[in-house]
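# Breakdown of the fold
Each chain, written out:
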Amino acid sequence: LLNIPQKGVIAYEDFYQTDNDAESALVTVYHEFVGLYAKLTSNTPSYNIVFNAPGDELYWGGSNKDDHTAAQEINDFRATYNSNNGHITAWYKKCYSLIYKANLVIDNFGGDLADSQVKKRCVAEARVIRAWAHLQLAIMFGTPPLVDHVLPGDAKPTNSDHQELLNWIADELRDAANDLPARNGKTDKDG
């Protein structure tokens, strides 16, 4: 009686096939992308803290000295924060989670598997988002690992060369542009 099929679950090998599957997988990538700007470790998105708190235009305070300590560490000009900082760790992990989801789209619909314009567009959008995530990591960490495909569970990626990573990012964006529809001016909301 316990061996009943799961409802609402599609097996991995049955999912990555149609145009609708490609768009559904891409929605997951966008959901993760939006999550980078959402609440990760506190009431304030880590993106905002990591990129804005180090500036002198902002003082990260709270209701007491222990409120938002991770953000206060980043706001401190003595640069006393490290990888133990919750916002730094959250930002790093979320970027690689985004890269993983983009790689799922690219690996399962790219190359010879891109047999429709919809699949080509979805792969191109995933490539742009993956390149953007690598750029954010390169800005923050200098030489993060380049992850350009879904890795097996036992993989141990190594740091990349900074200039080679930036060149790869530029190439990804340039190549992806070929499969993205052009916008026809500022009023072209669909484009």
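Residues numbered from 1 in each chain as written. Predicted model: local features only at pLDDT ≥ 70, side-chain atom pairs only at ≥ 80, totals over all residues. Heavy atoms only, no water.

## Thoughts on the overall build of the protein chain
When you go through the protein chain residue by residue, the secondary structure sums to seven helices and zero strands. Starting at the N terminus, the α and β elements of the protein chain follow one another as α-α-α-α-α-α-α. Expressed along its principal axes, the backbone C-alpha trace of the protein chain runs to roughly 55 × 55 × 40 Å. By the burial criterion, 34% of the 191 residues in the protein chain qualify as buried. Of all intrachain contacts in the protein chain linking residues separated by at least 6 positions in sequence, the fraction that spans at least 24 positions is 61%. Summed over all atoms, the accessible surface of the protein chain reaches about 12000 Å², with 52% contributed by carbon and sulfur. (Helix = DSSP H or I, 4+ residues; strand = E, 2+ residues; numbered from the N terminus. Buried < 20%, exposed > 50% of the residue type's maximum accessible area, 1.4 Å probe, protein only. Contact = heavy atoms within 4.5 Å. Areas by Shrake-Rupley, 256 points an atom, 1.4 Å probe, with all protein chains shown as cover.)

## Some thoughts on the side chain of Glu125
Inspection of the secondary structure puts Glu125 in helix H6 (residues 117-141). The class for Glu125 is buried, based on a relative accessible area of 16%. In this view, Glu125 contacts Leu26, Tyr30 and Leu180; residues no more than four positions away in its chain are not counted.

## Observations concerning the pattern of salt bridges
The final tally for this structure, using the stated rule, is nine salt bridges. In this structure, Arg121 engages Glu23 in a salt bridge whose closest nitrogen and oxygen atoms are separated by 2.5 Å. Note that Arg121 is positioned in helix H6 and Glu23 in helix H2 (residues 19-35), a separation of 98 residues in sequence. By relative accessible area, Glu23 is classed as partly exposed at 33%. Residues joined in a network through salt bridges with shared partners are Arg127, Arg130, Glu172 and Asp175. (Salt bridge = Lys/Arg side-chain N within 4 Å of Asp/Glu carboxyl O.)

## Notes on the nonpolar core
As a rule of thumb, nonpolar side chains are buried together in soluble globular proteins. If you look at the biggest cluster of nonpolar residues, it comprises 31 residues, and the most contacted ones within it are Val29, Val105 and Phe109. Examining the composition of this core, we find that eleven residues originate from one element, helix H5 (residues 86-109), more than from any other. Leave out the neighbours within four places in its chain, and Val29 touches Leu98, Lys101, Ala102, Val105 and Ile129. (Core = buried A, V, L, I, M, F, W, Y, C linked by side-chain atoms within 4.5 Å.)

## Concerning the packing of aromatic side chains
Following the criterion strictly, the structure yields seven aromatic pairs and no others. Taken together, Tyr12, Phe15, Tyr16 and Phe109 form an aromatic cluster joined through their ring pairs. (Phe/Tyr/Trp six-rings, centres within 6.5 Å; stacked < 30°, edge-to-face > 60°.)

## Focus: the packing of H5 against H6
The relative placement of two packed helices comes down to the angle between their axes together with the axis-to-axis distance. Running from amino to carboxyl end, H5 crosses H6 at an angle of 155°, the nearest separation of the two axes being 9 Å. One way to sum up the angle between H5 and H6 is to call them roughly antiparallel. Once H5 is placed against H6, the crossing between them reads as left-handed. Broken down by class, the residue content of the contact of H5 with H6 amounts to 20 nonpolar, three polar and three charged. (Axes fitted to C-alpha atoms, helices over the stretch in contact; angles between N-to-C directions. Parallel < 35°, antiparallel > 145°, perpendicular 65-115°, else oblique. Left-handed = near helix turned anticlockwise from the far one by under 90°. Nonpolar A, V, L, I, M, F, W, Y, C, P; charged D, E, K, R; others polar.)

## Quick word on the packing of H6 against helix H7 (residues 162-177)
Orientation of H6 relative to H7, taken along the N-to-C sense of each, is 155°, at an axis distance of 9 Å. When the axes of H6 and H7 are compared, the pair comes out roughly antiparallel. When you trace H6 past H7, the crossing you get is left-handed. On the side of H6, the interface is formed by Ala124, Arg127, Val128, Arg130, Ala131, His134, Leu135 and Ala138, while H7 contributes His162, Leu165, Leu166, Trp168, Ile169, Glu172, Leu173, Asp175 and Ala176. Class assignment of the residues belonging to the contact of H6 with H7 gives a composition of eleven nonpolar, two polar and four charged.

## Points about H2
With 17 residues, H2 ought to run about 24 Å at 1.5 Å a step, and its terminal C-alpha atoms sit 24 Å apart, in line with that. Every buried residue of H2 is listed here: Asp21, Ala22, Ala25, Leu26, Val29, Glu32 and Gly35. Where H2 is buried, its residues touch helix H1 (12-15), H5 and H6. (Expected span 1.5 Å × (residues − 1).)

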